[in-house]
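Observations on chain architecture
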Amino acid sequence: MMPRTRDELAAVIDQTQLGLGVTRKELEAFVAKAVEQRFGCVCILPNMVAVARRVVAGSRTKVATVISFPLGADVPNVKCAETRDAVERGADEIDLVIDVAAARMGDTDAIEREVSAVRGVLPDGVLLKTIIEMPLLTQEQAIGAALAAERGGAHIVKTSTGFKGLGIRGTTADDVRLLRSVLRPGTGIKAAGGISSWPLVAAVLDAGATRIGTSSGAAIIEQFSKPLAVSAKA
Amino acid sequence: MADVSVSQLASMIDASIAGRPAATLGEMEAFFQSLTPYRLAAVMVEPRYVRSAVEYFHPRKQNVVTVISYPLGAMTTEAKLIQMAEALSDGVDELDLAMDLSAFRSGDFAKVADELRAARIMAGDHLLKIIYYSAILSEDDSLRAAELIVNAGVTFLKTNPGYGNVTTPAHVRAVKQRFGDALRVMASGGVRTHQDAVAMIEAGADRIATSSPFAVLGVES
């Protein structure tokens, strides 16, 4: 659904800081800014969940963290333990990287089992997003992984980690359209990975995304609020 | 150094699979088979492949190493310890743990040290190497990180996780000159050729991590 107001747009953005070696002060400033700009959620690394939790206190901004990030190459027991630990520290939402190797092997049962196991350790009200890393998958593998994640109890399927070190392409509106065409209407889609401008956000929302993961939330809101300035620049 | 034998060099290499991430089991098995002519220091696999690697390599007397909180080092200490315990129960021989770079850069050295000590205890008799991100830290900070690691009772450093973090011979020389034989160093990140490896060894590296083991050995162009 297209946002009509600046606040509607901010509410669907997971403002993201997953950088290597970010200091506590830098992270606190990042989260405080996100709260001030009324982003729906901040997405941060596990060792910063407790810090972020303190900063968002009293606001509507949620705290999401990433599990088995960015490779997804952990065994299910470890993914469950890491998730439990994140929830205890105050995570409201979990962005879980699936076993991408299993997706490449077409082992959808393994994906369903791990997603179901992680969902099983979540208290009610904690949201589960599963990152299927579409840039590494064929369309068939992506569909298999998305449906397996949905069967396992994922609330939202997320397109990509956006991890630069992997050298992968960004998420496209076609990725989102593909997921929308196979997932149940109640399952959300988070578009993430290279989504750094309002036109791209508009395209993936139009294709059916319900959430946006980006480290450029502030710039996107600014472009949305001042469309003329954007077209003048272009 | 120039006349180092293939088997001497092999015994200094931690080899990992090249190419795309999220390798399939078939791709991993082909990689395992390609390594069997050599006795390496260790074969590096991600946690999900530790069991497969152990099953394949232990009968061949070849050690297996995995990575913990890789590549960002940003898991909590508790989660890192659980990941280590799981890898050990899967039979892994060595563990490469990524330091909490955020805590380090925040000046929270006590937190870094506590995590390193806990990891050393969890590792027990298994070799533990600590990734300290020499490509990101200044030389002064690298030396400070190395000192924290040594003081926590760990004597093996790994320079970088790869993923674009490139190690230079100067990184290796800096820590080796300061700590000498009290510390071993694995050069990791951007070591792709025989010449790269020789330069690292001349700078004092005790081990080389590479996803190009055959090029490093000089047995394949």
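So, a few notes on the structure that sits alongside this text. Each chain has its residues counted from 1, following the order in which its sequence is written. Naming scheme: in the order in which they are written, chains are lettered from A and ligands are numbered from 1. In keeping with the predicted nature of the model, local features appear solely for residues at pLDDT of at least 70, side-chain atom pairs appear and are counted solely at 80 or more, and the whole-chain, interface and lining totals rest on all residues.

So, about the interface of chain A and chain B. What counts as a contact here is a pair of residues whose C-beta atoms, placed from the backbone, lie within 7 Å. Counting residues at the interface gives 27 residues for chain A and 28 residues for chain B. Only runs of H or I of at least four residues qualify as helices and only runs of E of at least two qualify as strands under DSSP, and these elements are numbered from the N terminus. Mapped by element, the contributors of at least two residues to the side of chain A that touches chain B are helix 2 (24–36), helix 4 (76–88) and helix 5 (100–105) of chain A.

Below, the discussion takes up the sheet that holds strand 1 (residues 13–15) of chain B. Residue and element names in this part refer to chain B. If you walk around this closed barrel you meet the eight strands as 1-2-3-4-5-6-7-8, and the pairing is parallel. Strand-to-strand twist of the sheet, defined as the mean angle between neighbouring strand axes without regard to direction, takes the value 25 degrees. Sheet topology note: the strand 5 (residues 127–131)/strand 6 (residues 156–158) ladder contains two bridges and is parallel. Each residue of the ladder has a partner; that of Ile131, found in strand 6, is Lys158. Pairs of strands are assigned from DSSP output, requiring at least two bridges between the strands. Lines fitted to C-alpha atoms define the axes here, with helix axes fitted over just the stretch in contact, and angles between the N-to-C directions of these axes take values from 0 to 180 degrees.

Time to look at the sheet that holds strand 4 (residues 93–97) of chain A. All names here are of chain A. The strand order 1-2-3-4-5-6-7-8 describes a closed barrel built from eight strands, whose pairing is parallel. On average, each strand axis in the sheet is tilted by 25 degrees relative to the strand beside it, whichever way the strands run. The pairing of strand 7 (residues 188–192) with strand 8 (residues 211–214) spans three bridges and is parallel. Within strand 8, the position partnered with Lys190 by the bridge is Arg211. Contacting strand 3 (62–67) and strand 4, helix 4 crosses the sheet at an angle of about 160 degrees to strand 3.

Residue and element names in this part refer to chain B. Residues Met28, Phe31, Phe32 and Leu35 constitute the buried set of helix 2 (residues 25–35). All buried residues of helix 2 fall inside an arc of 100 degrees around its axis, so they share one side. Turned more than 90 degrees off the buried face of helix 2, the exposed positions are Gly26, Ala30 and Gln33. In this structure, the buried residues of helix 2 make contact with strand 1, strand 2 (42–45), helix 3 (50–57) and helix 10 (213–217). Each residue is classed by its C-beta neighbour count within 10 Å, where at least 20 other C-beta atoms makes it buried, 12 or fewer makes it exposed, and intermediate counts make it partly exposed; the C-beta atoms are placed from backbone geometry. Note that the arc is defined by the directions from the helix axis to the C-beta atoms.

This part is about the packing of helix 4 (residues 77–89) of chain B against helix 6 (residues 109–123) of chain B. Residue and element names in this part refer to chain B. The geometry of helix 4 relative to helix 6 is characterised by a closest axis approach of 10 Å and an angle of 15 degrees between their N-to-C directions. What the angle tells us is that helix 4 and helix 6 run roughly parallel. Here the hand of the crossing between helix 4 and helix 6 comes out right-handed. Along its contact with helix 4, which presents Thr77, Lys80, Leu81, Met84 and Ala85, the element helix 6 presents Glu115, Ala118, Ala119, Met122 and Ala123. Under the scheme applied, nonpolar residues are Ala, Val, Leu, Ile, Met, Phe, Trp, Tyr, Cys and Pro; charged residues are Asp, Glu, Lys and Arg; polar residues are all the others, including Gly. A per-class count over the contact of helix 4 with helix 6 returns seven nonpolar, one polar and two charged. In what follows, roughly perpendicular refers to angles from 65 to 115 degrees, roughly parallel to angles under 35, roughly antiparallel to angles over 145, and oblique to any angle outside these ranges. Crossings are classed by handedness, with left-handed meaning an anticlockwise turn of the near helix from the far one by less than a right angle and right-handed meaning a clockwise turn.

The next subject is unusual backbone geometry. In this model, Phe69(A) is joined to Pro70(A) through a cis peptide bond whose omega is 0 degrees. Note that Pro70(A) resides in the loop between strand 3 and helix 4. A cis geometry characterises the amide bond from Tyr70(B) onward to Pro71(B), with omega recorded as 0 degrees. Summarising the element assignment, Pro71(B) is placed in the loop between strand 3 (64–68) and helix 4. Unlike most non-glycine residues, Lys61(B) shows phi in positive territory, near 60 degrees. The topology assignment puts Lys61(B) in the loop between helix 3 and strand 3. What makes Lys61(B) exposed here is the crowd of 7 C-beta atoms within 10 Å. Backbone geometry places Tyr133(B), a non-glycine residue, at a positive phi of 65 degrees. Counting through the fold element by element, Tyr133(B) comes out in the loop between strand 5 and helix 7 (139–151). The buried category is assigned to Tyr133(B), around which 26 C-beta atoms lie within 10 Å.

The values are spatial; any link to function lies outside them.
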